[in-house]
Amino acid sequence: DPRYVRMDGRPLLVIYRVDLLPDPVASVKRFRIEAARAGLGDIHLLAVQPSRDFGDVPEGLSDVVDGFLTFPPGSGLTVEQVPLPDGTPAMVRKDQFLSYESAARELPELPAGSAPWHRSVFPGWDNSARRGAQGYGFLGANPVSFRGWTQRTVHDARSRGDRLLFVNAWNEWAEGAALEPSRRFGEGMLDSVADVLQGSPVEVA
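Below you will find a few notes about this structure.

Thresholds, definitions, all that
Residues numbered from 1 in each chain as written. Predicted model: local features only at pLDDT ≥ 70, side-chain atom pairs only at ≥ 80, totals over all residues. Heavy atoms only, no water. Phe/Tyr/Trp six-rings, centres within 6.5 Å; stacked < 30°, edge-to-face > 60°. Helix = DSSP H or I, 4+ residues; strand = E, 2+ residues; numbered from the N terminus. Buried < 20%, exposed > 50% of the residue type's maximum accessible area, 1.4 Å probe, protein only. Pairing = 2+ DSSP bridges. Right-handed = clockwise from strand over helix to strand, strands pointing away.

## Focus: the packing of aromatic side chains
Within this structure, the stated rule accounts for 8 aromatic pairs. Here Tyr100 and Phe122 contribute two aromatic rings whose centre-to-centre distance is 5.5 Å and whose plane-to-plane angle is 85 degrees, an arrangement assigned as edge-to-face. You can see Tyr100 sitting in helix α2 (residues 100–105) and its partner Phe122 sitting in the loop between β7 (120–121) and β8 (125–126), a full 22 residues away along the chain. On the numbers, 6.0 Å between centres and 35 degrees between planes, the contact of Trp125 with Tyr136 is tilted. Here Trp125, found in strand β8, pairs with Tyr136, found in the loop between α3 (128–131) and β9 (137–139); they are 11 residues apart in sequence, far enough to count as distant. Here Trp125 and Tyr136 have matching classes, each one buried. Ring-pair connections join several aromatic residues into one group, and the members of that group are Tyr100, Phe122, Trp125, Tyr136, Phe138 and Trp149.

## Section: the sheet that holds strand β6 (residues 117–118)
Hydrogen bonds between backbone atoms are what pair the strands of a sheet, whose relative direction is either parallel or antiparallel. Strands sit in the order β1-β2-β3-β4-β6 across an open sheet of 5 strands; the sheet is mixed. The two strands at the open ends of the sheet, each matched to only one other strand, are β1 (6–7) and β6.

## Notes on the pairing of strand β2 (residues 10–15)
Where β1 lies against β2, 2 bridges are found, and the strand directions are antiparallel. Bridge pairing in β2 links Arg6 to Pro11. Hairpin connection of β1 to β2: 2 residues between the antiparallel strands, including Asp8 at a positive phi of 50 degrees. Taken together, the 4 bridges between β2 and strand β3 (residues 44–48) define a ladder with parallel strand orientation. Paired with Val14 across the strands is Leu46, a residue of β3. Each parallel crossover has a hand, and the one from β2 via helix α1 (residues 24–37) to β3 is right-handed.

## Quick word on the sheet that holds strand β5 (residues 97–99)
Read across the sheet, 3 strands follow the order β5-β9-β8 without closing on themselves; strand pairing throughout is mixed. A strand with exactly one partner marks an edge of an open sheet, and here the two such strands are β5 and β8. Relative to β9, β8 runs antiparallel, the two sharing 2 bridges. Bridge pairing in β9 links Asp126 to Gly137.

The structure is reproduced here in structure tokens:
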């Protein structure tokens, strides 16, 4: 498909839960073999940084992938809890409500290593629709805060010569993370990305 994201002509493939593969290194090598066999040529393959939801990068993986990407809200963000008002039911966990402003304020350090790293941002988060009482959410997300975070992230990408910025997500409504137009913000989230990227060499995926 001519619309598919490519890096220097190579189709981009991102593996989310690489730790679930029985043999991650061998699997990545097989992906490349099968892509070439299917006529796609070499692929630009990235793995997602481990987060609060899953484990470490498997040993030797950095030698066979083209890079990694952070995946907020789980990837090393500085977060602050939102104080709960008096009368909050005891079943509500104190760590369930976090400040979006605190997450968007500061870019976390990228891990050191030989493989390139790419940053990601998120326009909002609340996965209680999926996880119920075990879910958590970021309060205060809005197009203005999201624009500022995206702008700082793009500036950082440019300074490092990085051409990719990832957004979590386009339409992940079950986790409250969506760029798509909504009743609440209209096209504000999309406009934020468009404003920041106007004339920028950085691509959004």
